[in-house]
Structure formats: structure tokens, C-alpha cells
Amino acid sequence: GTDNGDAKKYTVGVDTTYPPFEFQEDGEMKGIDIDLINAIAEDQGFEIEIEAMDFSGIIPAMQAGQLDIGMGGMSITEKRKETVDFSDPYFESGLSLVVAKDNSDITSIGDLKGKTIAVKKGTTGANYATENKEEYGYEIIQVNDSTSMFQEVANGSAAALLEDYPVIQYAIAKSDLDLKVAGDKLNGDNYGISVLKGENDELLKKINDGLANLKENGNYDEIISKYLGE
Ligand code: GLN
């Protein structure tokens, strides 16, 4: 972070588009991640600047010293804990398999033999697809963002995709995507706010204290219901 007089300013990396967590509307970045980090910053007396980028670029940008904080609906994983420290969890998530609305052949990942699955680079979905490729016998297409992933299925280049269930449920409810969730959730995880490992204890403490205060004073619930309803 840079020191501009009184308040420290931290740069926060988020995904390019990941509604309801981050998205552009009326030329502005909105969403749960954006509101949360703004509220935490206000509570803890620091300033932030948001930078949207491909999700796969967030941790590398932190390692390169270009970002102080990583968000983007980022799941807390053991693998990532090798390079970043996570805040306390702030949102429950996990993966769903998604297919075209009119597809009745694919009801589970076991139905993907010889077919293609689209995933977003650097995500838990990409990791899940790679780990299970051998067992289920599908091909993988890796793209940079959720919009491209949805397009791969819409235009028939892929038979299915993997997306976090809060994100796909929101996308299906809010837009006229011809997609549906197939079968049960594949796993469960939690989103956390990340900082570069081992070097940011002070910032991480502020983030955790801010998060705890927002949960305590009702601001956290307000932010969630602003985007997701009661
Ligand atoms: N939660 C998933 C992950 O951490 C997906 C995040 C995203 O696509 N922005 O990999």
C-alpha cells in the first residue's frame, strides 16, 4: 500500500465480471465484494482502489507486488494457502455443473465421457475438472472469464461448465441465460479475502476486525440482502 498522508491506500484485485460479487453497472463497479471491502476500509480507516482483471491474474499480481488484497469470489483452498493468507470466511460457495437448458442427457459429471467441459483459468472449477479428467473422460476448454464460459455452452463448443453455485443461480435468475444446473453441488467451500502470505499480518488483522464489526453491526447482512434479497 502507498501512504497518502493519513490513510493507507491498498489496491484490491477482483474478477472482471462475477455477479453478484463484482460487476459493472452504469460505468461503476458494484457487488458484494466491492461493498464489503469498501465497508471494511471505512470501518478500519484505510483507502482502497479496485482493479478488475482476469481471475487467474489476481494471485500472480499480488506476488508481483501490484496488488495488496485479492478478492473475486476467491475460495479458501489449501493450495492457495501456500502463497496467500486468507481472512475469516465471508461467504459459502462451491461448484455446480451447468448445462444448456434444453439438455436432458447430462445430469452428472459421469455423463461427460467424450464431451467437452468449459472452465475458467485458475479457478477451483478448472482444478476440479483437471483432477477428474482421467476418471470421466472429457476434454477441457479453459477460458478467462465467466461470460466466455457461458458462451462456450450456449454456442455448443462445450457440453457443460463448472461455476460456483451462488454465481450461476444469480446469473440464471437475473438474465435470460439458456443454462441450468445439472445435479447436486459437487463440493463446498468458502470465500475469503487474501493478502500475500506471511507479509501482511497487520492488514489481515484489519480486514478480519472490519469483517467482524460488519457482521456485528448489521452492515454485512445489509450488503448481502442488497444483492441477494432476504
Ligand atoms: N471461487 C472460485 C475460485 O476461487 C471461482 C472464482 C471466480 O471465478 N472468480 O476459484
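Remember, predicted model here, so these are calculated numbers, not experimental data.

A. Layout of the packing of aromatic side chains. A complete count under the given rule lists seven aromatic pairs for this structure. Between Phe-21 and Phe-91, the ring centres sit 5.0 Å apart and the planes meet at 80°, which makes this aromatic pair edge-to-face. In this pair, Phe-21 is assigned in the loop between strand E2 (7–15) and strand E3 (23–25) and Phe-91 in strand E8 (residues 91–93), connecting sequence segments 70 residues apart. Note on accessibility: Phe-21 and Phe-91 belong to one class, buried. Consider the rings of Phe-23 and Tyr-227, whose centres lie 6.1 Å apart with planes at 85°: the pair is edge-to-face. Highlighted residues: Phe-23 in strand E3 and Tyr-227 in helix H8 (residues 219–228), separated in sequence by 204 residues. Tyr-227 shares its class with Phe-23; the two are buried. An aromatic cluster is built from Tyr-18, Phe-21, Tyr-90, Phe-91 and Tyr-191, whose rings are joined through pairwise contacts. The residue whose ring lies beneath Lys-185 is Tyr-165, and the NZ or CZ to ring-centre distance is 4.3 Å. In this arrangement the basic side chain of Lys-215 is found over the ring face of Tyr-220, its NZ or CZ atom lying 5.0 Å from the centre.

B. Just the nonpolar core, in detail. Ranked by internal contacts, the top residues of the largest apolar core, which has 34 residues, are Leu-36, Phe-46, Ile-69, Met-71 and Tyr-90. Residue assignment for this core shows that the elements contributing at least two residues are E2, helix H1 (32–44), helix H6 (165–174), helix H7 (201–217) and H8. When residues of this core are assigned to their parent elements, the largest contribution, seven residues, is made by H1.

C. Summary view of the confidence of the model for the protein. Here the protein averages 96 in pLDDT, while 97% of its residues score no lower than 70. Model confidence for the complex is summarised by a pTM of 0.96, with the ipTM given as 0.98.

D. Here's a closer look at the environment of Lys-121. Mapped onto the secondary structure, Lys-121 falls in the loop between strand E10 (116–120) and helix H3 (124–131). Separated by 66 residues in the primary sequence, Lys-121 and Phe-55 have C-alpha atoms spaced 7.4 Å apart. Not counting residues up to four positions away in its chain, the partners in contact with Lys-121 are Phe-55, Ser-56, Gln-142, Val-143 and Asn-144. Side-chain polar atoms of Lys-121 contact the side chain of Asn-144, separated by 3.3 Å.

E. Geometry of the environment of Thr-124. Mapping Thr-124 onto the fold places it in helix H3. Sequence separation of Thr-124 and Met-62 is 62 residues, and the distance between their C-alpha atoms is 18 Å. The residues touching Thr-124, leaving out its near neighbours within four places in the chain, are Ser-75, Thr-77, Arg-80, Leu-95, Asp-164 and Asp-189.

F. Examining the site of the ligand more closely. Taken together, 13 residues surround the ligand, and among them Gly-73, Ser-75, Arg-80, Lys-120 and Asp-164 come closest. A distance of 2.7 Å is found between an oxygen atom of the ligand and a side-chain nitrogen or oxygen belonging to Lys-120. Compared with its free state, where it exposes 290 Å², the ligand has 99% of that area covered by protein. Its residues assigned to classes, the shell around the ligand shows four nonpolar, five polar and four charged.

G. Spotlight on H8. Those residues of H8 that fall on the buried side of the exposure criterion are Tyr-220, Ile-223, Ile-224 and Tyr-227. Down the axis of H8, the buried set is contained in an arc of 95°. They therefore lie on one face. Residues of H8 that are exposed and angled more than 90 degrees away from the buried face: Glu-222 and Lys-226. Taken together, the buried residues of H8 touch E3, strand E4 (28–30), H1, E8, H6 and H7.

Rules behind the numbers
Residues numbered from 1 in each chain as written. Predicted model: local features only at pLDDT ≥ 70, side-chain atom pairs only at ≥ 80, totals over all residues. Heavy atoms only, no water. Phe/Tyr/Trp six-rings, centres within 6.5 Å; stacked < 30°, edge-to-face > 60°. Helix = DSSP H or I, 4+ residues; strand = E, 2+ residues; numbered from the N terminus. Buried < 20%, exposed > 50% of the residue type's maximum accessible area, 1.4 Å probe, protein only. Lys NZ or Arg CZ within 6 Å of the ring centre and 35° of its normal. Core = buried A, V, L, I, M, F, W, Y, C linked by side-chain atoms within 4.5 Å. pLDDT = per-residue confidence, 0-100. Contact = heavy atoms within 4.5 Å. Polar contact = N/O pair within 3.5 Å; in protein donor to acceptor, adjacent residues only side chain to side chain. Near = heavy atom within 4 Å. Areas by Shrake-Rupley, 256 points an atom, 1.4 Å probe, with all protein chains shown as cover. Nonpolar A, V, L, I, M, F, W, Y, C, P; charged D, E, K, R; others polar. Arc of directions from axis to C-beta.

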